[in-house]
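Residue-level listing of the chains:
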Amino acid sequence: MTRSALTSWLTAASLLAAGPALADDDKGKAMDRNDDGMVSASEHENGAKAMFDGMDRNKDGSVTATEMDAAHAARGKPARAGEMSSAEKIRAIDSDGDGKLTANEHSAGSKSRFTRMDTDRDGTLSQVEWTAGHDKAMRKP
Ligand SMILES: [Ca+2]
Ligand SMILES: [Ca+2]
Ligand SMILES: [Ca+2]
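Residues numbered from 1 in each chain as written. Chains lettered and ligands numbered in written order. Predicted model: local features only at pLDDT ≥ 70, side-chain atom pairs only at ≥ 80, totals over all residues. Heavy atoms only, no water.

Q: Pulling in residues and values, what's your account of the coordination of the calcium ion (ligand 3)?
A: The protein atoms donating to the calcium ion (ligand 3) are Asp-118 (OD), Asp-120 (OD), Asp-122 (OD), Thr-124 (O), Glu-129 (OE) and Glu-129 (OE), with metal-donor distances spanning 2.3 to 2.6 Å. Coordination geometry of the calcium ion (ligand 3): the six donor atoms subtend angles of 53 to 156° at the metal centre, consistent with an arrangement described as irregular. One chain supplies every donor for the calcium ion (ligand 3), spaced along it as D-x1-D-x1-D-x1-T-x4-E. (Donors = N, O, S within 2.8 Å, 3.2 Å for Na, K, Ca; no water. Tetrahedral: all angles 85-135°; square planar, octahedral: opposite > 155°, others 65-115°.)

Q: I'd love a proper account of the confidence of the model for the chain, names of residues and values included.
A: On average, residues of the chain score 82 in pLDDT, and 78% of them reach the 70 mark or higher. Long-range and interchain partners of residues 13–24, a stretch whose pLDDT sits below 50, account for 14 contacts in this model, where long-range means more than four residues apart. (pLDDT = per-residue confidence, 0-100. Contact = heavy atoms within 4.5 Å.)

Q: Which residues make up helix 6 (residues 103–117), and what values do they have?
A: Over its 15 residues, helix 6 extends 21 Å from the first C-alpha to the last, a length consistent with the 21 Å expected when each residue adds 1.5 Å. Residues of helix 6 that are buried: Glu-105, His-106, Gly-109, Ser-110, Arg-113, Phe-114 and Met-117. (Helix = DSSP H or I, 4+ residues; strand = E, 2+ residues; numbered from the N terminus. Expected span 1.5 Å × (residues − 1). Buried < 20%, exposed > 50% of the residue type's maximum accessible area, 1.4 Å probe, protein only.)

Q: Just give me the short version of the pattern of salt bridges, but keep the residues and values in it.
A: It is possible for side chains of opposite charge to pair when their charged atoms get near one another. Evaluation of the coordinates by the stated rule reveals two salt bridges. When the shortest N-O distance is used, the salt bridge between Lys-49 and Asp-53 registers 3.2 Å. With Lys-49 and Asp-53 both in helix 3 (residues 41–55) and four residues apart, the pair spans about one turn of that helix. For Asp-53, a relative accessible area of 34% corresponds to the partly exposed category. The partner of Glu-83 in a salt bridge is Lys-89, and the shortest N-O contact between them spans 3.7 Å. For Lys-89, a relative accessible area of 9% gives the class buried. (Salt bridge = Lys/Arg side-chain N within 4 Å of Asp/Glu carboxyl O.)

Q: Got a sec to walk through the side chain of Ser-86? Specific residues and values, please.
A: Here Ser-86 lies in helix 5 (residues 86–93). Among the polar contacts listed, one links the side chain of Ser-86 to the side chain of Asp-69, at a separation of 2.7 Å. Not counting residues up to four positions away in its chain, the partners in contact with Ser-86 are Ala-65, Met-68 and Asp-69. (Polar contact = N/O pair within 3.5 Å; in protein donor to acceptor, adjacent residues only side chain to side chain.)

Q: Which residues make up the coordination of the calcium ion (ligand 1), and what values go with them?
A: For the calcium ion (ligand 1), the full set of protein donor atoms is Asp-56 (OD), Asn-58 (OD1), Asp-60 (OD), Ser-62 (O), Glu-67 (OE) and Glu-67 (OE), at a range of 2.2 to 2.4 Å. Because the angles between the six donor atoms bound to the calcium ion (ligand 1) fall within 54 to 161°, the donor set is best described as irregular. Here the donor residues of the calcium ion (ligand 1) are spaced in sequence according to D-x1-N-x1-D-x1-S-x4-E.

In structure tokens form, the structure reads like this:
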């Protein structure tokens, strides 16, 4: 890790301590609870659950594209060019195809994403795996 990468990593970690408003790119770092530089499966699962709860604004147990858009807007991070829209992100893991995500659909989707991102299959995501995998996951096919 270069010094500047380490610095931004540490900055993100301290931003997390300051508040829940996180940019997409900082999510991997935010999930790294024990600060060992790796995201374990359980850290990833907890992070995904917290993300889901944060997006489910009306607390009806499911997340719609509108809610996901609102969550992104609240973080000041609308979808970037070339990135999937909220509707597309939902469609990718919406197993019953009703256009919204339940907590189960979201957790199953994030688990399979974790497996795909863990390219060396050691059960944790390094910063490199996270960055590469996340960029790929968010890009339009
Ligand atoms: Ca909802
Ligand atoms: Ca669904
Ligand atoms: Ca790994």
